[in-house]
Structures are given as structure tokens and as C-alpha cells.
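Here's the letter readout for the chains.
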Amino acid sequence: MLFRSAVSSFRLTYNNSQIHRTWSKYFDAQEMGVRNIANMMPGFMRVTVGGGFTLGPASASASDTPTKTFQMAEDFSWIHGNHQIGFGGNYIHSSLDAKSYINAAGAFTFTNQNTGLGLADFLIGRPSQLQQGMVYYLRQKNNYIGTYVQDAWKVHPRLTLNLGLRYDMQNHVGPELNLSPFLPGDRGTFHNWAPRVGFAYTVTDRTVVRGGYGKFFAQGTADEAHQTILYMIGISPVLNYDGRADWASNPWNGPTPSYTQIVNNACDVNGNRTGCFSRQFIPEIANPFWRTPYSHQSSIGIEHQIGSAMALQTNVVYTGGRLEEGSRNINLTYKDRKSTRLNS
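The following refers to the structure shown. Just so we're clear, the structure is a prediction, and the values are computed from it rather than from any experiment. (Residues numbered from 1 in each chain as written. Predicted model: local features only at pLDDT ≥ 70, side-chain atom pairs only at ≥ 80, totals over all residues. Heavy atoms only, no water.)

Take the overall build of the chain next. Helices and strands together make up the secondary structure of the chain, namely four helices and 16 strands. For a compact globule of 344 residues, the expected C-alpha radius of gyration is about 20 Å, and the chain comes in at 29 Å, more than 25% above that figure. Projected onto its principal axes, the C-alpha positions of the chain cover 90 × 55 × 45 Å. Residues classed as buried in the chain amount to 34% of the 344 residues present. In the chain, once contacts between residues fewer than 6 apart in sequence are set aside, the share between residues at least 24 apart is 67%. Roughly 20,700 Å² of accessible area belongs to the chain as shown, and the carbon and sulfur atoms make up 56% of that amount. On the chain, the mean spot of the 29 positive side-chain charges and the mean spot of the 22 negative ones are 5 Å from each other. (Helix = DSSP H or I, 4+ residues; strand = E, 2+ residues; numbered from the N terminus. Rg over C-alpha atoms; globule rule 2.2 N^0.38 Å. Buried < 20%, exposed > 50% of the residue type's maximum accessible area, 1.4 Å probe, protein only. Contact = heavy atoms within 4.5 Å. Areas by Shrake-Rupley, 256 points an atom, 1.4 Å probe, with all protein chains shown as cover. Lys, Arg positive; Asp, Glu negative; His and termini not counted. Charge placed at Lys NZ, Arg CZ, Asp CG, Glu CD.)

Moving on, we come to the environment of G33. Within the secondary structure, G33 is located in the loop between β1 (6-21) and β2 (46-49). For the pair G33 and A248, spaced 215 residues apart in sequence, the C-alpha to C-alpha distance is 8.8 Å.

Attention now goes to helix α2 (residues 223-233). For α2, a buried count of eight out of eleven residues is recorded, marking the element as mostly surrounded by other parts of the structure. Where α2 is concerned, the buried positions are E224, A225, H226, Q227, T228, I229, L230 and Y231. Residues of α2 that are buried in the fold lie against β5 (83-100), β8 (136-156), β10 (178-179) and β11 (183-184).

In the structure shown here, the tally under the stated rule is nine aromatic pairs. Here the aromatic rings of Y26 and F27 are separated by 5.1 Å at their centres, their planes lie at 75°, and the arrangement is edge-to-face. You can call Y26 partly exposed: its relative accessible area is 32%. Ring centres of F110 and F122 lie 5.3 Å apart, and the angle between their planes is 85°; on these two criteria the pair is classed as edge-to-face. Taken together, the residues span a long stretch of sequence, with F110 in strand β6 (residues 107-110) and F122 in helix α1 (residues 118-123) at a distance of twelve residues. Three or more aromatic residues link up through ring pairs in this structure, and these residues are Y26, F27 and F44. One residue, K215, lies across the ring of Y294, its end atom 4.5 Å from the ring centre. (Phe/Tyr/Trp six-rings, centres within 6.5 Å; stacked < 30°, edge-to-face > 60°. Lys NZ or Arg CZ within 6 Å of the ring centre and 35° of its normal.)

Another point: the sheet that holds strand β16 (residues 310-322). The nine strands are arranged β1-β4-β5-β8-β9-β12-β13-β15-β16 in an open sheet whose pairing can be described as antiparallel. Sheet topology places β1 and β16 at the edges, where each strand pairs with a single neighbour. Across the sheet, the mean angle from the axis of one strand to that of its neighbour is 10°, orientation sign disregarded. By the bridge criterion, 16 bridges tie strand β4 (residues 63-80) to β5 in an arrangement that is antiparallel. Counterpart to F76 in the pairing with β5 is F87. Across the sheet, α2 touches β5 and β8, and the angle it forms with β8 is around 155°. (Pairing = 2+ DSSP bridges. Axes fitted to C-alpha atoms, helices over the stretch in contact; angles between N-to-C directions.)

Here the focus is the nonpolar core. Core analysis: the largest hydrophobic core is formed by 18 residues, its most contacted members being A29, I37, F108, L130, I235, L239 and F277. Those elements giving two or more residues to this core turn out to be β2, β6 and α3 (259-264). Setting aside residues up to four positions removed in sequence, I37 forms contacts with A29, Q30, A105, F108, L130, Q132 and T256. M134, L179, L183 and I285 belong to the second-largest nonpolar core, a separate cluster that totals 14 residues. (Core = buried A, V, L, I, M, F, W, Y, C linked by side-chain atoms within 4.5 Å.)

So, in C-alpha cells, the structure goes:
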């Protein structure tokens, strides 16, 4: 409390989360006789046998996820005449300095292309595919700022109006990233204004009518940006069986290429040159059309006191979500309903 008619509330929060997940060691590709393969997870390998079994699933991949969050908030309230004025804001800074080993050990897939049975292909050592990944180092920061001003104005002994305005700003949630041709990288920070209005009217000493409306913005999640950055900084090339007798033990047919050599041979970098590697976007990337989700919320209700220890209250509440997160197949292309039967 600053003085009799004013109150200030200041809060400071810091959270440091360290999540470390290692892998179970049994044997790796080099121990099984595979030469010229990057061994970034000693004692671990991934094998998928169609119609058979899976060894070392993706969910078993190791990772380090240290997350730090700093938050500062202030709320100030001041009573002046018929007004109770409030204003304040909060600031949140979060940072992620992660390391991920997805596909870093190399993932061998055995289908049925050699013998007609996936398990038989495995027994004779004839995989159909190898996907070789890398260790991803991800550094990501996010800032959020929210501030507001409001006034509870006692216009009349029976009527009180509540008027307010909130501002929210957030950055680094994905659309500012440049991943051609999906993300142009020309959109970043989002500025959002949210009005609030409400009232309370005393009909009688025992009956009050209340109502209000507000626009409320949500915060964007960092997961889509997280996934997108992984695809921007890394690549997991897929090598398909080429018929060589020694393909299983020498999938690169020579020395393992460096990270720079692989990236330079990515299809989106070298113009789809023959033998290039395609990037795979699994499970998601940021939405280039993303806007901050928000909702319109309103209510109106009446409360009536019955006797000295009972009250009856009824309300009508409306919530309308807008720009809520969903999935979109950006590869689906068609004209309008009149020129195709795709949607019929």
C-alpha cells in the first residue's frame, strides 16, 4: 500500500527447468558392421522392420531441454472520487537452449522389396532405406508484453460502469522465420488491442443486473517455431537401397559426407539437382498465415437476494473463439466447387 487510497502489487518470478533424457545403450550400427556412418549416439541404433518389430523408436531419442522463464508484473489501483482507476502490466521472457538427437543414430528401415517379407530382408541384411540425422542445437527466445488501464466509475448510486483497454505484444512464435517457399519471413511481432466494458445496475436493494463484454487474446505457443527452426538448421537425408551388395555396410558408398556437403546437396538449395536430398517436414512447421488467437466474451445476468441467507443468480454467457489453432493441408490444390468434384 502506497497510501490510503492507492495500492501497488509488484511480483517477480524466475523458473529454471532442466530436463535431461538419455538413451538406453545396447549396440550401434558400427558395432553391427556398418561402415562410414556418423556415430553420434554410441550404443544405440534405430531399426524398423515392416510386419516385424521396431528397435529404438523415435520416442526413445535423447534430448536436453533447459528452459528459463523470467516474469515481472505490476498492478496499481487508485481510488479517486467516484473512480477506481487501475493500470499495470506484465513482461515474460522465456528462453530455450535445447539439444535433440532425433535420427542422430541413423534409422534403418526393412520393407519387403528384396524377399517379399520385411523380416526376411532383415535376416539377410538388406535394408531398403537409411535416414541419417544429426544432433540439433536449438536456441530460441520469446518475449511477451501485456499492459492495461481500467476505470470502475460510479456514475450514479445505482449504476457503475467498468471501462478498460488492454494491449498485448508477442514475438518469436514462428511467422517471422524464413523457410522458403512456405515461410517468407516478412511477419514478426504482433500488436493486439483488447477493449473491455461492463456495468452493474442496482434495480432494488435486493436485485442487481450485471453485464459486460471483452476481447481476450491468447499467447502463441513456441512449439511450431521450435519445429520450424529444426528444419531450418538441419537435414536428415534419406538413402534408398541402390542394389549394391555392400549397401547395408557402406550406405554412402564412400566417406560419410560433412554437414556442409549434405546441406549444399539439399533439393531446395541446389535447384532440385539429380541425387539431391529432400527435407521432410514432420510433424509440423509454423503457419505463414498465423495471427494471435482471441475470443469475444460477453455475459449478462441478474442476481436477487432471497431472505437473509440465500441468493438466486442467472446468467447468459457467450464465448466466440477466433483464429484458433488447427491443421491445414497446404499441398491440397484445387479450384472452386463448380470446376471440380473433389468436394462433392
